Structure formats: structure tokens, C-alpha cells
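Inside the fold
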Amino acid sequence: MPWCCGVSIDNILTKNKYELGNCSTEAGCDCVKFQKSCLSAKFTKSALQRKYDGPNSWGKTYGEHKAFLEFSMEQYKDIQEFCKTLGIDFTASAMDVVSLHQMDSMNVPFIKIGSGDANNFPLLKQAAALQTPLVISTGMQTFETVDRIVQIMESANKRNFALMHCVSSYPTEPQNCELPRILWLKEKYPNIVIGYSGHEMGIEISTAAVLLGARIVERHFTLDRNQKGSDHKCSLEPLQMKNLVCGIKSLKHTLNSSTSLTITEIISLLDESADVRNALKCSTIEKIMMPCEMNCRDKLGKTLVAAKDLPKGHIISPADLCVKVSEPNGISAEYIDDVVGLQLTQSVSVDEPLFWDHMNNEM
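The sections below set out a description of the structure shown in this document. Computed from a prediction, not measured in an experiment: that's the story for all the values here. (Residues numbered from 1 in each chain as written. Predicted model: local features only at pLDDT ≥ 70, side-chain atom pairs only at ≥ 80, totals over all residues. Heavy atoms only, no water.)

Topic: a negative patch on the surface
Taken together, Glu-173, Glu-204, Asp-271 and Asp-275 make up a surface patch of like negative charges. As for its position among the elements, Glu-173 is in the loop between β6 (161-166) and α9 (174-177). (Patch = residues over 30% accessible without salt bridge, like charges linked within 9 Å, V, L, I, M, F, W, Y side chains within 5 Å. Areas by Shrake-Rupley, 256 points an atom, 1.4 Å probe, with all protein chains shown as cover. Salt bridge = Lys/Arg side-chain N within 4 Å of Asp/Glu carboxyl O. Lys, Arg positive; Asp, Glu negative; His and termini not counted. Charge placed at Lys NZ, Arg CZ, Asp CG, Glu CD. Helix = DSSP H or I, 4+ residues; strand = E, 2+ residues; numbered from the N terminus.)

A short note on the side chain of Glu-293
Positionally, Glu-293 belongs in the loop between α14 (274-279) and α15 (294-300). The class for Glu-293 is buried, based on a relative accessible area of 1%. Ignoring any residue separated from it by four or fewer positions in sequence, one finds Glu-293 in contact with Gly-139, Met-140, Cys-166, Val-167, Ser-168 and Ile-288. (Buried < 20%, exposed > 50% of the residue type's maximum accessible area, 1.4 Å probe, protein only. Contact = heavy atoms within 4.5 Å.)

What about unusual backbone geometry?
Cis geometry marks the peptide bond from Tyr-170 to Pro-171, where omega comes out at -5°. Relative to the assigned elements, Pro-171 resides in the loop between β6 and α9. The omega torsion of the bond from Glu-327 to Pro-328 falls at 5°, within 30 degrees of zero and hence cis. Within the fold, Pro-328 resides in the loop between β10 (321-325) and α16 (336-339). Positive phi, close to 55°, is recorded for Asn-107, a residue that is not glycine. Looking at the secondary structure, you find Asn-107 in the loop between α6 (97-105) and β4 (111-113).

So, in C-alpha cells, the structure goes:
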């Protein structure tokens, strides 16, 4: 897979899309990525009805907020055509099964699976069956879940996918970036392209990620960090993005596809930046879910929910389960195989989250 520098744009008012596209192209980005959600497939009814009236809200409920920000398929096709005129690739993160197949139908160069779905094994299995390449972020996930992702891909003979080191905290403080995870992923999976999806402030840490061996870089992009919205503050403005892309592309002349520098060499090369020093530290040897990621996990982590009304005494099958963002959170999505085969000790209504005390673990 070639070197790639991409820009992630959270869905914003349509009137800005052309300016964002032009700025992305002028910055030298290879690809611009949006987010695609089918709200009923991604969220439970209770999650969509949750009160959401903070300073970054575009509606009185979370459902109204998300509906305001979501583009239609016609708008995505319009954006895709505009990107073609600029000579820049277009794609989006597929946030649910419906969106996965919608993006695949658009013949995008790859589909992004975000950190919130890295433990959504049913979605990953459907994605692995596609011909379209995948880029999978690993924020909020443990080593065991990352290994399961790779197993799912290998079981489907899926070779054209990449893993992204990511910390799901917005913005991510330098001491929480834990860039050596890139080295761990490269060592653990030497035949898989490893990248970096960063949410930190500034560009030095992302540059350090490339020097460690990241071959895909994704950063959020905005025209103005003071705009309304929680992600703007950890996004890059046009000049920053241009400087990052130019810096990364200049490294292509000194690093080949397998080269990475030592941590000492990186610190020296980047003028001993304190932020880079902190980002190059790791709290543990193996990948874990970090405390700074818990807010995102609680808000957007995927939960096992009932796909239909399930009576007391029912033995759970895969067809009985969906994976969604729920309010409240239930059993985390990665435990789906542990839940299948258990007997319900009480009835559960469609779209309700499942909890361990709903079922008999002694069968």
C-alpha cells in the first residue's frame, strides 16, 4: 500500500464542503474522508431520544443533533463528483452495516472502520467479505480485540486492509498518544500496513508517528477551530494541514516502506519537543483501553441489543442480536460470542440493551 495522508472531515454544513475540498487539495492530501451513518442502524431509540442540549448541540435530542449533521446519499454522491474534479479521493467511515454497503456501492478507494466499531465483529465480518480495501482504527480496544480483528480478516482471506493506531480522546494529550504502539503493531503484524489516526493538537506528534513507521496518516480537518462542534479543537486548519503533508511527503525520500527511526533519533530530529517526548512514552507493553478513552467509550461504544422481542427462557442465537450505540450501555460488543447460547432469565424487548443479569451463565 502506498504512503497516504488523509483528512477526516466531520459532517458539517453543506455550504462549506467545496471550500473544505479545495483546502484539502491545496494542502496536498491524498484523500478526504467523511462519516456515514444510518441512525436507526447505529443507535437504539433510547440513544436517539437522549437529551442533548449542550453548547455543541444541533438539536434538543441526540437524534435531532445527528440527523442535522448527516448527509444524504445524494449529497455524498455530489461531494464524490466534486472530489473527482479536484483530483482527490473521497471516502467515508461506515458507522453501521447499512452504511457499509452504501459506501461499497459508491466504489470508494477504501472504507474506514472507526474505533467505535473495531469490536463490532458482525460488521467486521461483512466488511471482510467485500472487495473494497479497509482501514480499521483501534482506539478504545485491547490487544485481544485487535487480534480478533486480524483473525476475522484472515478467516475471510482479506489481505487488503490496514490497522491504525488511535487513541479515542478529543483532543488527545501528548502523554496519552502512546506512539510506541505503532512499533508494537508493526512487530506483531509484520505483513499488515500500520497507520496513525491522531487527535492531538499540532503536527509534530503525527510526524513522529511516520518516523516510527506509520504509512497512513489521518487527521481531522477544519476551516476554523473556533467553530461550533466538539471535534474542531483537535482538528488542523488549512496551513497546519499543508505543513503536515509537506513534512510527511518530504520523509518519503529518506524512509522506505519498512524503515522506522528509534525513539532517540526521532526526539533529536524533532528538536527534542516536550510533546513528542511525552507522546513517545508508553504506560504498558501491550495495548489496553486507556482511562482517557472512557468518555468516548461510554458515549459511542457499541453494545449488544435485542434484534427482536425475546421471551424469558429463550436461548440466544446470533440472529437475536444487533450491535448499536445504546442508552444505557449494555454488554460490550466484543462479548457477542460469549452471549450466544445463553438462556434469558427475563424477557427483553427489541432495541433494548442486554445485560449479564438478563441471562443464565450456568448452562
